[in-house]
Amino acid sequence: MRTERANGGGQTERRDLKVIVGAAIIRDGRVLACARSAPPEMAGMWEFPGGKVEPGEAETEALIRECAEELAVRVEIGDRVGRNVRMAHGRSVLKVYAARLLDGDEPQALEHEALRWLGADELNEVTWLPADAPIVAALRPLLNPHTPNSTS
């Protein structure tokens, strides 16, 4: 993703935004939340699993790779959830996708302090990382098992 902005002299600067992808893994009307173990200033805060999109990698490919690395699971990626969230002082953008586990895979906390499945009424029981917090409201309709667009 490219952005342009005027620098102090009125000239336009171009720079590439780093894309971070996150997975809202939904099962039985609940979403998987992961507690960070590091760095110290983020430890204990909750996030959606995911990470950086590498050069030449599609966003969905990055998300499938990140879920395998962080949780030892295979996922099927669905639609986007919420809007793009600017982070890292505008140098990165977070994009979250709905996802579902494949073939009975069970997430393991390989890189996180803890994992927790949250229903719509439990989303505010954890402290979300600032970048992930805006996605929570967009998630609520997907967590109602009677909603046609929910992923189970």
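Scroll up for the structure.
Calculation rules
Residues numbered from 1 in each chain as written. Predicted model: local features only at pLDDT ≥ 70, side-chain atom pairs only at ≥ 80, totals over all residues. Heavy atoms only, no water. Helix = DSSP H or I, 4+ residues; strand = E, 2+ residues; numbered from the N terminus. Expected span 1.5 Å × (residues − 1). Buried < 20%, exposed > 50% of the residue type's maximum accessible area, 1.4 Å probe, protein only. Arc of directions from axis to C-beta. Contact = heavy atoms within 4.5 Å. Salt bridge = Lys/Arg side-chain N within 4 Å of Asp/Glu carboxyl O.

Engineer: How would you explain helix 1 (residues 59–71) if you had to name every residue and give the values?
Structural biologist: Here helix 1 contains 13 residues, and its C-alpha end-to-end distance of 18 Å stays within 8% of the 18 Å for a straight helix at 1.5 Å per residue. Taken together, the buried positions of helix 1 are occupied by Ala62, Leu63, Glu66, Cys67, Glu70 and Leu71. With its buried residues spanning 130 degrees around the axis, helix 1 presents them on a single face. Against strand 3 (18–27), strand 4 (30–36), strand 6 (50–52), strand 7 (75–87), strand 8 (92–101) and strand 9 (112–118) lie the buried residues of helix 1. Looking one or two places after helix 1, you find Ala72, whose phi comes out positive at around 60 degrees.

Engineer: An account of the pattern of salt bridges is needed here, citing residue identities and associated values.
Structural biologist: This model, assessed by the stated rule, comprises 11 salt bridges. A salt bridge links Glu59 to Lys95, with the shortest nitrogen-to-oxygen separation between them at 2.9 Å. Of this pair, Glu59 sits in helix 1 while Lys95 is found in strand 8, placing the two residues 36 residues apart along the sequence. The salt bridge partner of Glu76 is Arg100, with a shortest N-O separation of 2.8 Å. Residue Glu76 is located in strand 7, and its partner Arg100 is located in strand 8; the two are separated by 24 residues in the primary sequence. Judged by relative accessible area, Arg100 falls into the partly exposed class, the value being 29%. Put simply, Glu57, Arg65, Glu66 and Glu69 are held in one network by salt bridges that share partners.

Any functional reading would require information that these geometric values do not contain.
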